[in-house]
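# Understanding the architecture of this molecule
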Amino acid sequence: YGVCDASPVLAGELVQVAILDGADALYIARHEGSRAVRIGTPLGSRLPAALSATGRAMLSTLSDAEVTDLVGPDATFPSVTDPSARDLRGLLRRLADVRGRGWALDAEESLPGIVGVAVPLEGWAPGDPQLAIGVGLPAAEADEPRIDAVAAALSDAARQLTNPFSAAVHRD
């Protein structure tokens, strides 16, 4: 929680940590932030990883072949909102975007009115479960500068939470 409190951007946000559990993002921890209105997925909740920013952040650490093995070559996903990824091809396109920019975006695809931004967290040891850290923003407040600022703050937080001896710390 100290990493979030120390960040001028994240201190006010509800920041969530999820673990990849099969093809789902399972929400396991949260920093409540100082905002009066809290937007987030309840602890213990699951969302299809294909639909949420935290889920896509975790899936982005896998190869396309590993994602296909995980969800199945004929996978279809619940259409929660109109922009939701509905099939494997749509998911793989979104994951290519995540890998290219370094962070995941859920533009009202898992919950109407909520824009999610997330980054993967590197494990401390081989075999550690894949985690991600993310923020949900009210869509009305999620303009490009705000999304970019949250993504940068999450990336910084992820670096601080990564094993200092990991190769991930030395990327960039």
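Within every chain, residues take consecutive numbers counted from 1 along the sequence as written. Given that this is a predicted model, residues contribute local features only at a pLDDT of at least 70 and side-chain atom pairs are listed and counted only at 80 or more, while totals for whole chains, interfaces and linings are drawn from all residues. To get the side-chain values, take all heavy atoms of the structure and skip hydrogens and water.

## Quick word on the overall build of the protein
Helix and strand assignments follow DSSP, with helices taken as H or I runs no shorter than four residues and strands as E runs no shorter than two, numbered in order from the N terminus. For the protein, the helix and strand inventory stands at 5 helices and 6 strands. When its helices and strands are written in sequence order, the protein yields α-β-β-β-α-α-α-β-β-β-α. Pairs at least 24 residues apart make up 56% of the contacts formed inside the protein by residues separated by at least 6 positions. Per-residue accessibility takes into account occlusion by the displayed protein chains alone, with areas from the Shrake-Rupley method and a 1.4 Å probe. Accessible area of the protein: about 8400 Å², with a carbon and sulfur share of 56%. Every residue pair with non-hydrogen atoms within 4.5 Å of one another is taken to be in contact.

## Structural notes on the packing of aromatic side chains
What describes a pair of aromatic rings is the distance from one ring centre to the other and the angle between the planes of the rings. Ring pairs shown here join Phe, Tyr and Trp side chains whose ring centres sit within 6.5 Å, with only the six-membered ring taken for Trp; geometry is labelled stacked below 30 degrees between planes, edge-to-face above 60, and tilted in between. Under the defined criterion, the tally for this structure stands at 0 aromatic pairs. The ring of Trp103 is capped by Arg101, whose NZ or CZ atom sits 4.6 Å from the centre of that ring. Distance and angle both matter: a charge sits over a ring if NZ of Lys or CZ of Arg is within 6 Å of the ring centre and within 35 degrees of the ring normal.

## Some thoughts on the sheet that holds strand S5 (residues 114–121)
Two strands are said to pair when DSSP picks up at least two bridges between them. Read from one edge to the other, the open sheet built from 6 strands follows the order S3-S2-S1-S6-S5-S4, with strand pairing classed as antiparallel. Of all strands in the sheet, those with a lone pairing partner are strand S3 (46–48) and strand S4 (104–107), marking the two edges. Along the sheet, successive strands turn relative to each other by an average axial angle of 30°, direction set aside. Lines fitted to C-alpha atoms define the axes, with helix axes restricted to the stretch in contact, and inter-axis angles between N-to-C directions lie between 0 and 180 degrees.

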